[in-house]
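Chain residues, written in single-letter form:
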Amino acid sequence: MKKTFKIISLLLVVSMLLAFASCKPDDVTEEPTTTESEVVSTTEKTEDKEKETLIVSLGFSFDYPPYKYKDGDKLNGINVELMKAVADELNMNVEFIEADAHSSHYDPKKYDVLVNRTEDNIENAKLSEVYVKDVQSVIVKASSDYNLYDDFYTGFDGAGYPKAVKSGITIGVKKSTTGDIFASAPLNEWGFGQDNVNEYTSNEEMVNALKNGEITAIVTDDALARNILDEVSGLKILDSTFYSAEYKAAVVSEDSEKQTAILNAINELINDGTAQSIVDKYMEY
C-alpha cells in the first residue's frame, strides 16, 4: 500500500513539473527570429517599391557646383538637396538624370522637374517661385589688365548698347548653362555673339583654356566662380557682374494632380525657409 502510494505521489510530482514547464510567466517572451534593424530594413524596402518616383533633370551635366556635383559616387548641391526635400515632403523616391537644360519643349514622359530655370514661358510647365538668386560673374587671369567686362567692347552707341567686341576677345562658358545663353546673345542684348564664345563640357576644361590663354575670360554663376577661385590660383573675378539670374523649378508632369502636388511642395519649402537654408549651406560667400 505504501509502495503504491509512493508511485502515485511520484507520478503526480512529475505531472506537475511537466505542466509547469509547459507554462511561461507573463513577463517571459520568446526571442524574435529577426532583429529590429532587419525588420525596419525590410519594411523600408517594401515601402520604397510602392512609392512613386520624382524624376528630376539636373541639366546638361552634374559638374556644376554648388548647384549639382559628384562627391565620389554621391550627388550633392543645392538642387539635389532641395529636390530630395521635396521628395520627402511628398513621400516619394527621387531619381536624378542629365538632360539638355535649355530645351524649349520639355517632355513630361522623361522627367517631372527641371531646376535652375530662368525662362518665364515654358511649354507643358508650371514654374515655382524663385528659390535662389545668383549673378553671372566674369573670371580672368589675375595678371589681366581688365577690371570690367565693359572693357571687352570697342565702345557703346547712343542707346548704350555695345558697338562691337574687341578683336581677340573670346569668352568661355559651360555648355547649355545660363552663362552660355547670355554670353552667346547678340550685342543688342549685351552679349558677345556666338562667334566670340567657346563652349566647354567640363569646368576643368574651361579653366585650363583660360590658364593656357585660349580664351580671355569665363562667364559663369558667381557661386561657381568663387568655387573655382578657391581651387585654382592665378585667377580673379572682375568688379562688374555680367548678369543677374533668378532660378525657379519647372514642373512638367502628364498627371495634373501630381504636377500640382510637386509645385505646391516646392513652393512650401521656399516659403518656410527650407530652400534658403539649403542655399546658405552651399553659398557661404
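Residues numbered from 1 in each chain as written. Predicted model: local features only at pLDDT ≥ 70, side-chain atom pairs only at ≥ 80, totals over all residues. Heavy atoms only, no water.

With that out of the way, let us pick up the packing of helix α3 (residues 78–89) against helix α7 (residues 256–271). Contact pair α3 / α7: the axes reach a minimum separation of 9 Å and the direction vectors enclose 120°. Considering their axes alone, α3 and α7 lie oblique with respect to each other. In this structure, the crossing between α3 and α7 has a hand that is right-handed. Within the contact between the two elements, α3 uses L82, M83, A85, V86 and E89 and α7 uses I262, A265, I266, E268 and L269. When the residues that make up the contact of α3 with α7 are grouped by side-chain class, the tally is eight nonpolar, no polar and two charged. (Axes fitted to C-alpha atoms, helices over the stretch in contact; angles between N-to-C directions. Helix = DSSP H or I, 4+ residues; strand = E, 2+ residues; numbered from the N terminus. Parallel < 35°, antiparallel > 145°, perpendicular 65-115°, else oblique. Left-handed = near helix turned anticlockwise from the far one by under 90°. Contact = heavy atoms within 4.5 Å. Nonpolar A, V, L, I, M, F, W, Y, C, P; charged D, E, K, R; others polar.)

What follows is about the side chain of K258. Examined against the element boundaries, K258 turns out to sit in helix α7. Relative accessible area serves as the criterion here: at 16%, K258 is assigned to the buried category. The residues contacting K258, other than those within four sequence positions of it, are E52, T53, M92, D112 and S253. (Buried < 20%, exposed > 50% of the residue type's maximum accessible area, 1.4 Å probe, protein only.)

Turning our eyes to something else, we now look at the pattern of salt bridges. Under the criterion given, the structure shown has five salt bridges. A salt bridge links E81 to K281, with the shortest nitrogen-to-oxygen separation between them at 3.1 Å. One end of the pair, E81, is in helix α3; the other, K281, is in helix α8 (residues 274–282), with 200 residues separating them in the sequence. Look at K281 and you get partly exposed, because its relative accessible area is 47%. (Salt bridge = Lys/Arg side-chain N within 4 Å of Asp/Glu carboxyl O.)

Here strand β5 (residues 113–117) pairs with strand β12 (residues 243–251) via three bridges, running antiparallel. Paired with R117 across the bridge in β12 is K248. Taken together, the two bridges between strand β6 (residues 126–127) and β12 define a ladder with antiparallel strand orientation. Across the sheet, K126 pairs through a bridge with V251, a residue of β12. In terms of strand pairing, strand β7 (residues 132–141) meets β12 through five bridges, oriented antiparallel. By the bridge assignment, K133 is partnered in β12 with E246. (Pairing = 2+ DSSP bridges.)

Before going further, it helps to examine a negative patch on the surface. Side chains of D63, E204, E205 and E214 sit close together on the surface and give a patch of like negative charge. In this structure, E214 sits in the loop between α5 (203–211) and β10 (217–221). (Patch = residues over 30% accessible without salt bridge, like charges linked within 9 Å, V, L, I, M, F, W, Y side chains within 5 Å. Areas by Shrake-Rupley, 256 points an atom, 1.4 Å probe, with all protein chains shown as cover. Lys, Arg positive; Asp, Glu negative; His and termini not counted. Charge placed at Lys NZ, Arg CZ, Asp CG, Glu CD.)

Right, let's get into the environment of N208. Its location among the elements puts N208 in helix α5. In the structure, N208 is positioned 24 residues away from V232 in sequence and 9.9 Å away in space, judged by C-alpha atoms.

It is worth spelling out helix α6 (residues 222–231) at this point. What sets the pattern is the α-helix's 3.6 residues per turn: residues three or four places apart point alike. Among the residues of α6, D222, A223, L224, A225 and I228 are the ones counted as buried. Structurally, α6 contributes buried residues whose contacts are with β7, α5, β10 and β11 (235–237).

The next point concerns the packing of aromatic side chains. Within the structure shown, the criterion is met by 11 aromatic pairs. Taken together, a centroid distance of 5.2 Å and an interplanar angle of 80° make the contact between Y149 and F242 edge-to-face. Separated by 93 residues along the polypeptide, Y149 in the loop between β7 and β8 (171–174) and F242 in the loop between β11 and β12 bring together distant segments of the chain. Owing to a relative accessible area of 9%, Y149 belongs among the buried residues under this scheme. On the basis of relative accessible area, F242 is assigned to the buried category, the value being 7%. By the ring-pair criterion, three or more aromatic residues cluster together here, those being Y146, Y149, F152, Y153, F156, W190, F192 and F242. (Phe/Tyr/Trp six-rings, centres within 6.5 Å; stacked < 30°, edge-to-face > 60°.)

Shape is all these values report; function is a separate question.
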